[in-house]
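# Examining the three-dimensional arrangement
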Amino acid sequence: MFALMHSTRLESLHLSVDPVTGLKAVIAIHNSRLGPALGGCRYLSYPDDESAVADAARLAQGMSYKAALAGLPVGGGTAVILRPAHVENRAALFEAFGRCVEQLDGRYITATDSGTSVADMDCIAQHTRFVTSTTAAGDPSPHAAMGVFAGIRTTAMARLGSDNLEGLRVAIQGLGNVGYALAEQLHAAGAELLVSDIDHGKVQLAMEQLGAHPIANDALLSTPCDILAPCGLGAVLNRQSVGQLRCAAVAGSASAQLTNLQVADQLEGRGILYAPDYVINSGGLIYVALQHSGADLPTITAHLSNIGKRLTEIFAHAQAEKRSPARVADELAERLLYR
């Protein structure tokens, strides 16, 4: 565990249990140099406890980098609640987690993530004020999608020479809250959509509402397209999967898409432009961080425009230095976090 903390430069790791509700939770705080750690709370099944801790540490690191490059006055953190096979009272479980967050006295602010909802955040909010993405705060997903859409246009300009998405083939892997909202924006811009999701109902909806073409989950990565947009869980880009890609660029909302930086180099070697995930998907964090601090919607919307500007900067550095945008982004973030 300490080796993991050292390798990810994690500040602290908090483990909590509540026998009454069955809560088993991990809160990883990566870096608080720029402000209190803010990051989502996942509610997922894991093969073992070590996998949950590793996921929390990896995601917390990404949140630190994301906040730094987004210019936000917060640090990075992530919570993971290990989903039990059976839970008697989901509301009580999340209330128990709220008490865990409160014990950290503001060092960590939680929000929605994979497996959690606004209703879950409302339960947490009964026991701590260090929570956002509640019913009162609003859903960050549309803002996350707005940021990814802007990032796809920037990526298209850098790789294809135009930010006009009319007729562009975009393959979306995952039609969750962000993925579907992104699909709607791409459809409105005239893009041709190729979609996959483990939920066949969501695929059917995209076919009916957006004219999307369904692709089998195991075939999407090898389907010819202009831009691949991973919008599901992370670690989708590994040595084997990158070898199957038939796209010009990868730009999506999923967190921690790369299994390691060598995969980023592999993408670069194949001539596939990679939009660093924690830069392009920072719209949700921008919304929850600024909304939690009291900013109004015009201020938040204006801040979202910085996503495209930051990507343009990263792409320019990467091209000049003939390196992967992922490595350039990491170095820029680390200068802000550790200078």
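Remember, it's a predicted structure, so these values are computed and weren't measured experimentally. (Residues numbered from 1 in each chain as written. Predicted model: local features only at pLDDT ≥ 70, side-chain atom pairs only at ≥ 80, totals over all residues. Heavy atoms only, no water.)

The next point concerns the overall build of the protein. Broken down by element type, the protein carries 14 helices and 11 strands. Relative to the compact-globule value of 20 Å for 339 residues, the protein shows a C-alpha radius of gyration of 19 Å, a close match. Along the longest, intermediate and shortest principal axes, the C-alpha atoms of the protein span 55 × 50 × 40 Å. Split into buried and exposed, the 339 residues of the protein put 54% on the buried side. Across the protein, the fraction of contacts at a sequence separation of at least 24, relative to all contacts at a separation of at least 6, is 64%. By element, 53% of the accessible surface of the protein is carried by carbon and sulfur atoms, the whole surface being about 14,200 Å². (Helix = DSSP H or I, 4+ residues; strand = E, 2+ residues; numbered from the N terminus. Rg over C-alpha atoms; globule rule 2.2 N^0.38 Å. Buried < 20%, exposed > 50% of the residue type's maximum accessible area, 1.4 Å probe, protein only. Contact = heavy atoms within 4.5 Å. Areas by Shrake-Rupley, 256 points an atom, 1.4 Å probe, with all protein chains shown as cover.)

A few words now on the sheet that holds strand β2 (residues 23-31). Strands pair in a sheet through their backbones, by hydrogen bonds, and they do so in one of two ways: parallel or antiparallel. Sheet architecture is open: 5 strands sit in the order β1-β2-β4-β3-β5, paired in mixed fashion. On the outer flanks of this sheet lie β1 (12-18) and β5 (108-112), each paired with one strand and no other. Between one strand axis and the next, the sheet turns through 25° on average, direction left out of account. Pairing of strand β3 (residues 37-44) with strand β4 (residues 75-82) involves 6 bridges; the strand directions are parallel. Looking at β4, one finds that Leu38 is bridged to Gly76. (Pairing = 2+ DSSP bridges. Axes fitted to C-alpha atoms, helices over the stretch in contact; angles between N-to-C directions.)

So, on to helix α12 (residues 297-304). Since the α-helix advances by 3.6 residues per turn, residues separated by three or four positions end up pointing in the same direction. Those residues of α12 lying buried are Ile300, His303 and Leu304. For α12, the buried positions fall inside an angular range of 105° around the axis, keeping them on one side. (Arc of directions from axis to C-beta.)

Let us look at the side chain of Lys66. Locating Lys66 in the fold gives a position in helix α2 (residues 49-70). One buried charged side chain, Lys66, makes no salt bridge at all; its nearest oppositely charged neighbour is Asp277, positioned 6.8 Å away. In this view, Lys66 contacts Ser255, Tyr278, Asn281, Ser282 and Leu285; residues no more than four positions away in its chain are not counted. (Lys, Arg positive; Asp, Glu negative; His and termini not counted. Salt bridge = Lys/Arg side-chain N within 4 Å of Asp/Glu carboxyl O.)

With that out of the way, let us pick up the pattern of salt bridges. In this structure the tally under the stated criterion is 11 salt bridges. Measuring nitrogen to oxygen at the nearest pair gives 3.0 Å for the salt bridge that ties Glu313 to Arg310. Remark: Arg310 and Glu313 occur in helix α13 (residues 306-321); sequence separation between them is 3 residues, near one turn of the helix. Since its relative accessible area comes to 29%, Glu313 is described here as partly exposed. Each of the salt bridges in this network shares a partner with another, and the network as a whole consists of Arg42, Asp55, Arg58 and Asp113.

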